[in-house]
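Survey of secondary and tertiary structure
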Amino acid sequence: MHPQTTPAPAPATGPPGSTGATPDEALEALPARYYTDPDIAAAETRRVFEKSWQLVCHESDLPGPGARLSATVAGREVLVVRTEDGGLAAHLNVCRHRGTRLVTAPEPSGKAIRCPYHGWTYKLDGTLVGAPEARQIPCLDKPRLGLHRVGAESFLGFVFVNLDPAAVPLAESCAGLAEAIGHYAGPDLVPVGKYRIHDRSTAEEQHANWKVIVDNYLEGYHVPVAHPALMRLLDYQGYTVDIQESYALFESPLRDKPSSNRTERLYQRLASPMPGLTEADRRVWRYAVIYPNTLIDFYPDHVLAWTALPTAQDRAAIPGAFYTRHGESVRTRLARRLNIHIGWVTNDEDAELVERVQTGLSTPGYEPGPLSRREAAVGWFARRIRWDLDGEVR
Ligand code: FES
Ligand SMILES: [Fe+2]
């Protein structure tokens, strides 16, 4: 454990959905050790990542029956497949014979999952259907040797898995979110560019604890200081957040005043909604955080979905992908390119900031200061993390 100078705060009481504070009460950030202590990271694996819905891909990554891909969730290998009936199933990606990893890269189709070692074969639903020379295997109780099932759910067209068999369905825990932004998303989105959520080889790694990255995404308070481009584009005074039990939804109108920067000015001129959106969506950017680590940007011209996955105490991979909808206009496509360019600039600014925060948090003696009301969602996230780790952190 990191040296600590203050006692751990009392576990949160009351519903984790609220920030736990009235407008004039102080909101609390997490103490530094939550971001630096390996014991807390281990507790998070068990209490946060093994129990929450983890974004693994988009429906378009599993185009037809038999399509499959692998993901790592809370350190476990998971295999996600498109079933015969067009649904989704997830299993531990481990053969029931001697433990071989079944699927490595995305594979296009096939009605069965065949282990590359001795050839035990499973149906897409995980049932063991055959083993070579089965008569040589005493006690081959096929019904008991199916793949271990893992919860899978499609929400807004994105595929999530959950290792906890008792988990509340994501659509239920995020009631209200689909109504607010469902028209941006869905299985009909198509990826643009080379990035895919499930492709860790192209994922950027940032030098910060995963929660520093989520915290940073959860507030617009740093925008005026850290993101000049966003300040020119967004109506900062109109930046709002709706905090619910399992998600926070941000909204910022775009400014009418032309930016002094050429790329941004061109974007302002071209910004137009992709198919499915309305004229009212043209002048607003929205962002959602689904607890704990799914981050989705909803722009008029594209959707960007990503996740923050711990790779070490002070490192996180942030795999993600850009999406649009078939039938977008040339104008929307150009606007999207400009917007993604602006987004990379913002991303680089944030990458540097989160690294600085991580370095500062690791300095003994630091204790968190009060949060601004503009950081209410940081307080919400801290409260949920404390709630999940209740009893684990002393
Ligand atoms: S380990 Fe899979 S068939 Fe032997
Ligand atoms: Fe930022």
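Residues numbered from 1 in each chain as written. Chains lettered and ligands numbered in written order. Predicted model: local features only at pLDDT ≥ 70, side-chain atom pairs only at ≥ 80, totals over all residues.

1. Some details on helix α9 (residues 330-361)
The first and last C-alpha atoms of α9 sit 46 Å apart over 32 residues, in line with the 46 Å expected at 1.5 Å per residue. Burial in α9 covers these residues: Thr332, Ala335, Arg336, Leu338, Asn339, Ile342, Val354, Gln358 and Leu361. Buried residues along α9 sit against α1 (33-36), β11 (204-206), α5 (210-217), α7 (228-233), α8 (262-270) and β19 (320-325). (Helix = DSSP H or I, 4+ residues; strand = E, 2+ residues; numbered from the N terminus. Expected span 1.5 Å × (residues − 1). Buried ≥ 20, exposed ≤ 12 C-beta atoms within 10 Å, placed from the backbone. Contact = placed C-beta atoms within 7 Å.)

2. Comments concerning the pairing of strand β15 (residues 294-298)
When you tally the buried positions in β15, you get 5 out of 5 residues, the bulk of the element. Taking every second residue as pointing to the same face, both faces of β15 are buried, with Thr294, Ile296 and Phe298 on one and Leu295 and Asp297 on the other. In terms of strand pairing, strand β14 (residues 284-290) meets β15 through 5 bridges, oriented antiparallel. Residue pairing for β15: Val289 is matched across the bridge by Leu295. Where β14 folds back on β15, the antiparallel hairpin that results is connected by 3 residues. Summarising the sheet, β15 and strand β16 (residues 303-307) pair through 5 bridges and their orientation is antiparallel. Residue pairing in the sheet places Phe298 in a bridge with Val303 of β16. (Pairing = 2+ DSSP bridges.)

3. A look at the domain arrangement of the chain
Considered domain by domain, the chain is made up of domain 1 (33-50 + 176-388) and domain 2 (54-166). A separation of 31 Å is found between the C-alpha centroids of domain 1 and domain 2. Facing the 19 residues of domain 1 at the interface are 20 residues of domain 2. Elements with a minimum of two residues in the side of domain 1 that touches domain 2: α2 (38-49), β10 (189-192), β16 and β19. (Domains from an automatic or database assignment.)

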